[in-house]
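# Reading the structure
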Amino acid sequence: MADAHILENVVCPFCGCLCDDLRLTIENDVIVQCERGCALGKAKFLHYREDRMLSSTLRQGSSQIEISLETAIDHAARILVEARRPLIYGLSSTENDAHREAYRLAEYIGAVVDNTSSVCHGPSIIGTQASGEPMASLAEVRNRADLVIYWGANPLYAHPRHVNRFVRAPGEYIRDPKAERQMWVVDVRESVTSRIANRSLIITPGSDLEVIGTLRALVRGHTVDVASVGGVSLDTLCELANAMKRAKYGVLFYGLGLTQSRGRHNNIDAAIRLVQDLNSFTKWSMLPMRGHYNVTGANKTSTWTTGYPYAVDYSRGYPRYQPGEYTAVDLLRRREVDALLNVAADPAAHFPRDAIRGLKSIPIINLDPKRNLTSLIASVNIPTAIAGIECDGAVARMDGLPLYLKKIVEPPEGILPDREVLRMIFDRVKEVSDN
Ligand code: SF4
């Protein structure tokens, strides 16, 4: 008879919601069923054995030849020791102990260490450094919020359970969320999320800053002498400003539509100031819709360890922070780095074309459980265990709540967690540089 058991309250290591209520059925050390997860979470748990890299590889010409883990570690260490300006990048889809090893290695070899927030919510971080961080927990949202706004975000696609778990779910003070909690969506086009919202505002692309500025003026009681802003009539904006002031507890969730559109960190700065203005009348908070499941953790561990959340340069022996200077895309575009250690990310799939040209011109050491575009161009691939499935570790939810990922099944034979591979690279780098 098959050895079967059920695990309750499993944390899903896919998106920043980190849903912690999943139920998995495991038979003969294989996950065979996933309940309560969304399509993305189920795909992660039920297809974890597909497209795996099962052996380390070394690139020779146009082919990848299989090598032992020890040989791969040695190649990786030599690439890093010989590099004059190495870059360590990724980290958002792995757990916090792997981050610690990456920062230790970055400090030792004088590397730049950057995480994927430099291409997603980096502007949010710059905005909060300028104006503060009016955060709330997701539990507070569910228990108290009577007005929720999604701005430049489409959670039904990117965070499929966000609405159901935190907005449409009853809470301590919101017993009937459909009747007592309003949901508005502000975006540049209609989306699946806007279709289920109480109200939807379609704004002109790139006009977020003007719209937020107008809302600030209206909230403060100024007269605005125009018929429309950002393609939205002044009457509608007045309606939104009044709804925001009337709310007992409002929350603004914002996504890449706000951080990566024209204005970038200025949009976030303005949105924070809008929330601060609203707090003169009632209670408001705002939260970024973080994508990778531990990108929030990557910012936290980077800040704890280096003093800065991303884009950290150790080339002078101490950490320096400069988004735009030490961010991965900018370094690659300017051809400033001569080696990349990529951990749990796929820059070849997501970076702009001129940064990918930079990627292709340097040796890449790639740590990832699965084959991806970066693995195809990497000089050395080292497969690793999937955090939250094949190894445990601490992570942080989009609101900063720390959660612990469980080890559910054994990894394939010889496959180690990112943290152990990074530790081995660090030890070998020390040996090579001492000699
Ligand atoms: S919403 Fe995100 S964390 Fe929750 S089950 Fe879906 S993918 Fe996983």
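Further up the page is the structure itself.
First, a word on scope: everything that follows refers to the structure included in this document. All values reported here derive from a predicted model rather than from experimental measurement. (Residues numbered from 1 in each chain as written. Predicted model: local features only at pLDDT ≥ 70, side-chain atom pairs only at ≥ 80, totals over all residues. Heavy atoms only, no water.)

## Describing the overall build of the protein
Helix and strand content of the protein: 19 helices and 21 strands. Computed over its C-alpha atoms, the radius of gyration of the protein comes to 23 Å, within 12% of the 22 Å expected for a compact globule of 435 residues. Viewed in the frame of its principal axes, the protein has a C-alpha envelope of about 70 × 60 × 35 Å. Residue burial in the protein is summarised as follows: out of 435 residues, 57% are buried. In the protein, the share of contacts with a sequence separation of at least 24, taken over all contacts with a separation of at least 6, comes to 68%. (Helix = DSSP H or I, 4+ residues; strand = E, 2+ residues; numbered from the N terminus. Rg over C-alpha atoms; globule rule 2.2 N^0.38 Å. Buried < 20%, exposed > 50% of the residue type's maximum accessible area, 1.4 Å probe, protein only. Contact = heavy atoms within 4.5 Å.)

## Details of the side chain of His159
With respect to the helices and strands, His159 occurs in the loop between α6 (155–158) and α7 (162–167). Engagement of the side chain of His159 in a polar contact is seen with the backbone oxygen of Arg290, the distance being 2.8 Å. Ignoring anything within four residues of it in the chain, the contact list for His159 reads Cys15, Gly16, Cys17, Met289, Arg290, Gly291 and Met398. (Polar contact = N/O pair within 3.5 Å; in protein donor to acceptor, adjacent residues only side chain to side chain.)

## Considerations on the sheet that holds strand β13 (residues 249–254)
As summarised here, the arrangement of the five strands in space is β10-β9-β8-β13-β14, forming an open sheet in which the pairing is parallel. Every other strand in the sheet has two partners, leaving β10 (199–202) and β14 (283–288) as the edge strands with one partner each. Along the sheet, successive strands turn relative to each other by an average axial angle of 15°, direction set aside. Note that strand β8 (residues 147–151) and β13 share five bridges and pair parallel. Among the inter-strand pairings, Trp151 is bridged to a residue of β13, identified as Tyr254. Across the sheet, helix α13 (residues 265–278) touches β13 and β14, and the angle it forms with β14 is around 160°. (Pairing = 2+ DSSP bridges. Axes fitted to C-alpha atoms, helices over the stretch in contact; angles between N-to-C directions.)

## Details of the environment of Arg52
Among the structural elements, Arg52 can be located in the loop between α1 (39–46) and β4 (56–60). Expressed as a C-alpha distance, the spacing of Arg52 and Val329, which sit 277 residues apart in the sequence, is 27 Å. For Arg52, the residues in contact, after removing those within four places along its chain, are Pro369, Lys370, Arg371, Thr384, Ala385, Ile386, Glu390, Pro412 and Ile415. Polar contacts involving the side chain of Arg52 include one to the main-chain carbonyl oxygen of Tyr48, which spans 3.1 Å.

## Here's the deal with the side chain of Thr193
Among the structural elements, Thr193 can be located in helix α9 (residues 192–196). You can call Thr193 buried: its relative accessible area is 0%. Separated by 2.5 Å, the side chains of Thr193 and Asn154 make a polar contact. A distance of 3.2 Å separates the side chain of Thr193 from the backbone nitrogen of Leu156, its partner in a polar contact. Apart from the residues lying within four places of it in its own chain, the contact partners of Thr193 are Tyr150, Asn154, Pro155, Leu156, Met183 and Val185.

## Looking at the pattern of salt bridges
For the coordinates displayed, the defined rule picks out 28 salt bridges. Here Arg85 and Asp313 are joined by a salt bridge, their closest N and O atoms 3.4 Å apart. Taken together, the residues span a long stretch of sequence, with Arg85 in the loop between α2 (69–82) and β6 (86–90) and Asp313 in strand β15 (residues 312–313) at a distance of 228 residues. By relative accessible area, which is 18% here, Arg85 ends up buried. Judged by relative accessible area, which is 0%, Asp313 ranks as buried. Residue Arg104 is joined to Glu101 by a salt bridge in which the shortest nitrogen-to-oxygen separation is 3.0 Å. Linking Arg104 with Glu101, this pair stays in helix α3 (residues 96–109), spanning three residues, or about one helical turn. The class for Arg104 is partly exposed, based on a relative accessible area of 35%. Counted as one network, the salt bridges with shared partners bring together Arg85, Asp313, Arg320, Glu325, Arg334 and Glu336. (Salt bridge = Lys/Arg side-chain N within 4 Å of Asp/Glu carboxyl O.)

## Description of the site of the ligand
The environment of the ligand is made up of Cys12, Phe14, Cys15, Cys17, Leu18, Cys19, Gly37, Cys38, Leu40, Gly41, Pro160 and Arg161. Residue composition of the shell around the ligand, grouped by class: nine nonpolar, two polar and one charged. (Near = heavy atom within 4 Å. Nonpolar A, V, L, I, M, F, W, Y, C, P; charged D, E, K, R; others polar.)

## Focus on the sheet that holds β4
Here we have nine strands laid out as an open sheet, ordered β5-β4-β19-β18-β17-β6-β7-β15-β16, and mixed in their pairing. Each edge of the open sheet is held by one strand with a lone partner, namely β5 (63–67) and β16 (320–321). The pairing of β4 with strand β19 (residues 380–383) spans two bridges and is antiparallel. When the sheet's bridge partners are listed, Leu58 is paired in β19 with Val380. Packed onto the sheet, α3 meets β6, β7 (112–115) and β17 (339–343) and runs at close to 165° relative to β6.

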